[in-house]
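Read off the chains here:
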Amino acid sequence: MKSLVLPLVLALPVFGSYPLASPAIAAETALEVAQVSTALQGEWVLLGWGDEAKLTPPVAGTQVTANFMGDRLSGSTGCNNYTTSFTTEGANLELGPAATTMKACADPISQQEGQFLMALSGVKTYAITPQGHLHLTYETEAGSGVLAFVPLATYQGPAQEAIPALW
């Protein structure tokens, strides 16, 4: 009997050193994430970036995406995939450093990727427009502007980019 009790007694400090979150704390944390980022959640397709009055559309044949899920943002640059974390406070949006896959892409797709990732790294705020578009405002050394997205579910393809009333 002593040989069975001794290993259990010795194991208690190991198990006791990892505090478990109570269900109430876990639920509260999940609720905070949902309340902070509900408007962003989902899959979005980039219509364009730059000056809000005259956005630069993505390169023909590419699709730049953003998928906000929980506190993670991932998507495609039109060439490589990227992922990062994010937090919000009100309309402020802060992104962590992005990690990307490293596939080589020809110009102008590689230029698009560089411009998109630069803009993404400078994102400051977000807004959902009355049309249901997601606008991420950014400031970088190269300038400032907006990344304009539409929900993937309503994306109509490149022809939609030419309709100014959507902005």
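Check the entry above for the structure.
Conventions and cut-offs
- Residues numbered from 1 in each chain as written.
- Predicted model: local features only at pLDDT ≥ 70, side-chain atom pairs only at ≥ 80, totals over all residues.
- Heavy atoms only, no water.
- Helix = DSSP H or I, 4+ residues; strand = E, 2+ residues; numbered from the N terminus.
- Buried < 20%, exposed > 50% of the residue type's maximum accessible area, 1.4 Å probe, protein only.
- Contact = heavy atoms within 4.5 Å.
- Areas by Shrake-Rupley, 256 points an atom, 1.4 Å probe, with all protein chains shown as cover.
- Disulfide = S-S within 2.5 Å.
- Pairing = 2+ DSSP bridges.
- Core = buried A, V, L, I, M, F, W, Y, C linked by side-chain atoms within 4.5 Å.

Section: the overall build of the protein
Thinking step 1. A count of helices and strands for the protein gives three helices and nine strands.
Thinking step 2. Going residue by residue from the N terminus, the α and β elements of the protein occur as α-α-β-β-β-β-β-β-α-β-β-β.
Thinking step 3. Looking at the 167 residues of the protein, the share that counts as buried comes to 33%.
Thinking step 4. In the protein, the proportion of contacts linking residues at least 24 apart, taken out of those at least 6 apart, comes to 49%.
Thinking step 5. Split by element, the accessible area of the protein, about 10200 Å² in all, is 63% carbon and sulfur.

Focus: unusual backbone geometry
Thinking step 1. Here the residue pair Asp107 and Pro108 is connected by a cis peptide bond, since its omega of 5° sits within 30 degrees of zero.
Thinking step 2. Tracing the sequence through the fold places Pro108 in the loop between strand S6 (99–100) and helix H3 (109–121).

What about the state of the cysteines?
Thinking step 1. What the rule picks out here adds up to one disulfide.
Thinking step 2. Here Cys79 is linked by a disulfide to Cys105, with a sulfur-sulfur distance of 1.1 Å. Pair noted here: Cys79 is in the loop between strand S3 (72–76) and strand S4 (81–89) and Cys105 is in the loop between S6 and H3, with a separation of 26 residues, a long-range link.
Thinking step 3. Owing to a relative accessible area of 10%, Cys79 belongs among the buried residues under this scheme.

A closer look at the pairing of S3
Thinking step 1. Bridge count between strand S2 (residues 65–69) and S3: three bridges; the pairing is antiparallel. Counterpart to Met69 in the pairing with S3 is Arg72.
Thinking step 2. Where S2 hands over to S3, the hairpin turn is made up of two residues, of which Gly70 adopts a positive phi near 65°.
Thinking step 3. Judged from the five bridges that link them, S3 and S4 form a sheet pairing that is antiparallel. Bridged to Leu73 within S4 is Thr84.

Structural notes on the nonpolar core
Thinking step 1. With 22 residues, the main nonpolar core has Phe68, Leu120, Leu136, Leu147 and Phe149 as its most contacted residues.
Thinking step 2. Going through the elements one at a time, strand S1 (42–50), S2, S4, strand S5 (92–95), H3, strand S7 (123–128), strand S8 (134–140) and strand S9 (143–151) are the ones with two or more residues in this core.
Thinking step 3. With near-sequence residues (within four places) excluded, Phe149 lies in contact with Trp44, Val45, Leu46, Leu47, Thr65, Ala66, Phe116, His133, Leu134 and Leu136.

From the geometry alone we can't say anything about function, so treat these as descriptive.
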